Amino acid sequence: MSDAIAEHPLGRAVELGSELLAELDEERLLSAIFDAFQQVIDAAGGTLLTQSGSLWVERRAAKLSLHQLDAEWFASAQASRCPELRTLPHNGGRAIVITMGEPDEFCACVVLEGGSLDDDAAVAVTAPLAKLATVALRNASRVQGMLETQRLDDEVAISAFTQRQVLPPQPPRVQGLDISVHFRSSRLGCGGDFFDFIPLADESLVFCVANFSGFGTATALLMATVRGYLRATLTVAGPQLGDLVAGLDQVIEDAPDDLQFATAFIGHIDPTRTRLRYCNAGHESGLLVAEDCIEELHAAAPPLGVMVGLVPEASEVPLLPGATLVLATEGFLEAVDSEAPRPQLRNVTAAAAHGRTSSEVRNRIVKTLSPTRHPADQDETLIVIRSEAP
């Protein structure tokens, strides 16, 4: 651009507007837009507003503040969509209202006080600058959207990877027990489900299935912490369920996210495979099928991390040869195509459990209740543990 054209207000407006297109950071762009309009109008003062819903927010100001503008200004700004410009009396002089954005996608508004240009010249100068500013705002918004999408994609990938490293790839082989797992991850990467099986030196087994309230990387990292705590504590102190659950309660309470909590079902099957001790903290009821009876192992306390210190006492039930324990998470039940998923799970479990292996029971329940393969917003977990007949 030649010096003569650049010195003309219209040429200066186009030059400044073109420079705006190179700025993709929204905060810096808003400052640049405000400065550009002040320069071309030679304004004595001004303010830049952005709209969020029905609210106006002052983002930049110089000798003219949002509190000096009344409802007439907002109505004017709302009505004078780009590329229109409106002048209104203000403080014995005039003020110019310039809006940027499409009629159905309002972006921002600049109000300038005074200025060396008359109304016709102000319109000629600000109209192209407003158009270029609108394009710059749209570009910045799209770039920010793409960056946010990439950030979310990266977080999904990281959280999914972390969860895969935390969850056991397959159930352990434990003498006298037959264990199967169905796990379907959510489309959000880490949807909150956790489970683990820990064989102990005395040939007993501790297992845990939990559903964390959060999603994403922070939840996956908390799962890793819980897994480490479980294994370290069991190695040192053995299967003292009450102390174990109380410790887990404190671990979750101490998480950086104050709103994090978890439902949990923690069980211990003794070396003789004849007793099951368990603590259920706000989790879905376990279903224990033995002979012709089915027993629901209900929660006895709120989820862990909700009320520190209020944890369930351990309960004990006999584990008969051939008995089958079924544990599901909320995500699995929400995927059930039924208005009453819990009674439906109970009925299908009762019909499927007799005389079948754990994998056969698992497959029949999944095929009957959760046939879809589309990822949901939550993880889906179903665990089947069967006591093998001697």
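K.L.:
Would you mind going over the overall build of the protein with me for this structure?
P.N.:
Along its length, the protein carries 10 helices and 15 strands. Looking at the 390 residues of the protein, the share that counts as buried comes to 48%. Approximately 18,600 Å² of the protein is accessible, and the part contributed by carbon and sulfur atoms is 52%.

K.L.:
Looking at this structure, how should I read unusual backbone geometry?
P.N.:
Backbone phi values are negative for most residues with the exception of glycine, while trans is the configuration of most peptide bonds. The phi torsion at Glu203 lies on the positive side, around 75 degrees, for a residue other than glycine. Tracing the sequence through the fold places Glu203 in the loop between strand E7 (193–199) and strand E8 (205–212).

K.L.:
Looking at this structure, how should I read helix H10 (residues 358–369)?
P.N.:
Residue pairs three or four apart in sequence face the same way in an α-helix, which turns once every 3.6 residues. With 12 residues, H10 extends 16 Å between its outermost C-alpha atoms, agreeing within 8% with the 16 Å of an ideal straight helix rising 1.5 Å per residue. Among the residues of H10, Ser358, Val361, Arg362, Ile365, Val366 and Leu369 are the ones counted as buried. The buried side chains of H10 occupy one side of the element, clustering within an arc of 125 degrees when seen end-on. The secondary structure elements touched by the buried residues of H10 are strand E6 (177–184), strand E14 (324–328), helix H8 (330–334), helix H9 (341–352) and strand E15 (380–387).

K.L.:
Hey, could you run me through the packing of aromatic side chains in this one?
P.N.:
Two measures describe an aromatic ring pair: the distance that separates the ring centres and the angle between the ring planes. Here the structure, examined in full by the defined rule, presents five aromatic pairs. A centroid spacing of 6.4 Å and a plane angle of 15 degrees characterise the contact between Phe207 and Phe265, whose relative ring orientation is stacked. Linking Phe207 in strand E8 with Phe265 in strand E9 (residues 262–269), this pair joins segments that are 58 residues apart in sequence. Take Phe207 and Phe265: they sit in the same class, and that class is buried.

K.L.:
When you look at empty space enclosed by the protein in this model, what are you seeing that I'm missing?
P.N.:
To locate leftover empty space, one rolls a probe as large as a water molecule over the atoms. Taken as a whole and assessed by the stated rule, the structure comprises two cavities of 30 Å³ or more. Of the volumes computed, that of the largest cavity is approximately 50 Å³. Looking at the largest cavity, the residues that line it are Phe194, Cys208, Ala210, Phe212, Val226, Leu248, Ile252, Ala264 and Leu304. Mapped by element, the contributors of at least two residues to the lining of the largest cavity are E8 and helix H7 (241–253).

K.L.:
So what exactly am I meant to see when it comes to the nonpolar core here?
P.N.:
Nonpolar side chains tend toward joint burial in soluble globular proteins. With 52 residues, the main nonpolar core has Phe194, Phe197, Phe207, Phe212 and Ile385 as its most contacted residues. Of all the elements, E8 adds the most residues to this core, at seven residues. With sequence-adjacent residues up to four places away left out, Phe194 is seen in contact with Val166, Leu167, Cys208, Val209, Ala210, Phe212, Met223, Val226, Arg227 and Leu230. Ranked by size, the runner-up nonpolar core spans 27 residues in total, among them Ala36, Phe37, Val110 and Ala130.

K.L.:
Sorry, what's going on with the side chain of Thr329 here?
P.N.:
Within the secondary structure, Thr329 sits in the loop between E14 and H8. A residue is classified by how much of its surface remains accessible, and Thr329, at 0% relative accessible area, is buried.

K.L.:
Please explain the pattern of salt bridges as it appears in this structure.
P.N.:
Where charged atoms from two side chains of opposite charge approach closely, those side chains can pair. Counted according to the given criterion, the structure contains eight salt bridges. When the shortest N-O distance is used, the salt bridge between Glu380 and Arg184 registers 3.3 Å. A residue pair is termed long-range when its members are at least 10 positions apart, and Glu380 in strand E15 and Arg184 in strand E6 qualify at 196 residues. The same class applies to Glu380 as to Arg184, namely buried. Note that Glu296 and Arg346 form a salt bridge whose closest N and O atoms lie 2.8 Å from each other. Residue Glu296 is located in strand E12 (residues 293–297), and its partner Arg346 is located in helix H9; the two are separated by 50 residues in the primary sequence.

K.L.:
What's the story with the packing of helix H6 (residues 216–237) against H7 in this structure? I'm lost.
P.N.:
In a packed pair of helices, the relevant descriptors are the angle between the two axes and the axis-to-axis distance. At a minimum axis separation of 10 Å, H6 and H7 run at an interaxial angle of 150 degrees. It follows from the interaxial angle that H6 and H7 lie roughly antiparallel. H7 is crossed by H6, and the crossing has right-handed handedness. Between H6 and H7, the residues in contact are Leu222, Thr225, Val226, Tyr229, Leu230, Thr233 and Leu234 and Asp243, Leu244, Gly247, Leu248, Val251 and Ile252, respectively.

K.L.:
I tried to follow the pairing of E14 on my own but got confused; where do I start?
P.N.:
As a general feature of sheets, a regular strand has side chains that alternate between the two faces. The buried fraction of E14 amounts to five of the five residues, a majority that puts the element mostly inside the structure. Here E14 shows no split at all, with Thr324, Val326 and Ala328 on one side and Leu325 and Leu327 on the other all buried. Inspection of the sheet shows strand E11 (residues 286–290) paired to E14 by three bridges, in the antiparallel sense. Counted as the bridge partner of Leu287 is Val326 from E14. In the sheet, E14 pairs with E15 via five bridges, with the strands oriented antiparallel. If you follow Leu327 over to E15, its bridge partner there is Ile383.

Rules and cut-offs
Residues numbered from 1 in each chain as written. Predicted model: local features only at pLDDT ≥ 70, side-chain atom pairs only at ≥ 80, totals over all residues. Heavy atoms only, no water. Helix = DSSP H or I, 4+ residues; strand = E, 2+ residues; numbered from the N terminus. Buried < 20%, exposed > 50% of the residue type's maximum accessible area, 1.4 Å probe, protein only. Areas by Shrake-Rupley, 256 points an atom, 1.4 Å probe, with all protein chains shown as cover. Expected span 1.5 Å × (residues − 1). Arc of directions from axis to C-beta. Contact = heavy atoms within 4.5 Å. Phe/Tyr/Trp six-rings, centres within 6.5 Å; stacked < 30°, edge-to-face > 60°. 1 Å grid on protein atoms, 1.4 Å probe; cavity = no way out; pocket = protein on both sides within 12 Å on 5 of 7 lines; lining within 4 Å. Points joined across faces, edges and corners; volume = space filled by probe spheres on them. Core = buried A, V, L, I, M, F, W, Y, C linked by side-chain atoms within 4.5 Å. Salt bridge = Lys/Arg side-chain N within 4 Å of Asp/Glu carboxyl O. Axes fitted to C-alpha atoms, helices over the stretch in contact; angles between N-to-C directions. Parallel < 35°, antiparallel > 145°, perpendicular 65-115°, else oblique. Left-handed = near helix turned anticlockwise from the far one by under 90°. Pairing = 2+ DSSP bridges.

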